[in-house]
Amino acid sequence: HACLLMSRRERIVRTLVRGSEAIPLPQLSPEGFTHTWRCFVEGVNNEDITGWVSQVTFTLDPSFAEPVRVIRAPPFEITERGWGEFDIGITVHFVEPKEKAREFFHPLKLRHVRARNSRGAGGNIKYCVYEDMEFTNITPRLRAAFDSNPQTTDRPQLPGQTDFLEIPSVAEKESLDVLDAAQRQVRQHINQVLASYQRTVAECDALKKELAELEENQPSPFTNVTFKAYGKSKNTTN
């Protein structure tokens, strides 16, 4: 029982690298694409991870054909073309089916802070991040996988650990201009409706006041009216 308890308390940390690399196209494609890019998951120092990682699922923006891509063999990466930046969903599955898959989001970077145009600063844009994953209640199968694939403790500086600037492409800028113009029109319309509402409220208040004055100065329509009740006449005036 003591050995079982110690096994359950065992803790192992494994590290992966998630990253993306964007390559500016020499010119805008007919579809309006500005870059080719890839998104990947790999081992630290490019170590082999197939001993404990079974597959990686990449989830792209719904605008892509087949936005969910499942990669079951190395290299665990996908390649695409596009013009916009977005977060790519990454799900890492393990050789031990009982181990819960780990989910991450990787921000696709297309434009560096030093970029002077919509296609970057004349070079590849690579952005990578370390992901530390903690494993507890380790099964014999996962333990064997880890023992067979030891991991280095060396963690070099990853590329892309600098600031990035989102510079809109021509298509993005046109869309932003259209959106800005629409927002101005909406604000203008709201102000017009508000002014009209305020005028209507003022007119209603004036009419209510005038009606109240008329009712106060006008005699009751029932004055000097004779009613017959139970066969007898009764005058409402004294």
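If you're wondering where the values come from, they're calculated on a predicted model, not measured in any experiment.

### A word on the pattern of salt bridges
Considering all chains together, one arrives at 10 salt bridges under this definition. In this structure, Arg18 engages Glu131 in a salt bridge whose closest nitrogen and oxygen atoms are separated by 2.7 Å. Placement of the pair is Arg18 in strand 1 (residues 11-24) and Glu131 in strand 8 (residues 125-136), with a sequence separation of 113 residues. Its relative accessible area of 11% is what places Arg18 among the buried residues. As a salt-bridge pair, Asp132 and Arg155 come within 2.7 Å of each other at their nearest N and O atoms. Here the residue Asp132 occupies a position in strand 8, and Arg155 occupies one in the loop between helix 2 (140-148) and helix 3 (170-217), the gap between them amounting to 23 residues. Among the residues examined, Asp132 registers a relative accessible area of 44% and is labelled partly exposed. By relative accessible area, which is 40% here, Arg155 ends up partly exposed.

### Here we look at the confidence of the model for the protein
Of the residues in the protein, 75% have a pLDDT of 70 or more, and the chain-wide mean is 81. Note on residues 114-121: pLDDT is under 50 here. Beyond four places in sequence and across chains, it has 18 contacts. For residues 163-167, every residue scores under 50 in pLDDT, and the model assigns this stretch 17 contacts once sequence neighbours within four places are set aside.

### A short note on a nonpolar patch on the surface
Residues Leu194, Tyr197 and Val201 make up a contiguous nonpolar surface patch of roughly 290 Å² in combined accessible area. Secondary-structure assignment places Tyr197 in helix 3.

### Some thoughts on the sheet that holds strand 3 (residues 53-59)
Spatial strand order, 4-3-6-7: four strands in an open sheet with antiparallel pairing. The open sheet has two free edges, formed respectively by strand 4 (68-71) and strand 7 (102-107), since each of these has just one partner strand. Direction aside, neighbouring strands of the sheet carry axes that sit 20° apart on average. With four bridges connecting them, strand 3 and strand 4 associate as antiparallel partners. By the bridge assignment, Phe58 is partnered in strand 4 with Arg69.

### So, helix 2
The periodicity of an α-helix, 3.6 residues per turn, causes residues three or four places apart in sequence to face the same way. For helix 2, the set of buried residues is Leu142, Ala145 and Phe146. Mapping the buried residues of helix 2 onto a view down its axis gives an arc of 95°, with all of them on the same face. Away from the buried face of helix 2 by more than 90 degrees, exposed residues Pro140 and Ser148 are located. In this structure, the buried residues of helix 2 make contact with strand 1 and strand 8.

Procedures and definitions
- Residues numbered from 1 in each chain as written.
- Predicted model: local features only at pLDDT ≥ 70, side-chain atom pairs only at ≥ 80, totals over all residues.
- Heavy atoms only, no water.
- Salt bridge = Lys/Arg side-chain N within 4 Å of Asp/Glu carboxyl O.
- Helix = DSSP H or I, 4+ residues; strand = E, 2+ residues; numbered from the N terminus.
- Buried < 20%, exposed > 50% of the residue type's maximum accessible area, 1.4 Å probe, protein only.
- pLDDT = per-residue confidence, 0-100.
- Contact = heavy atoms within 4.5 Å.
- Patch = residues over 30% accessible without salt bridge, like charges linked within 9 Å, V, L, I, M, F, W, Y side chains within 5 Å.
- Areas by Shrake-Rupley, 256 points an atom, 1.4 Å probe, with all protein chains shown as cover.
- Pairing = 2+ DSSP bridges.
- Axes fitted to C-alpha atoms, helices over the stretch in contact; angles between N-to-C directions.
- Arc of directions from axis to C-beta.

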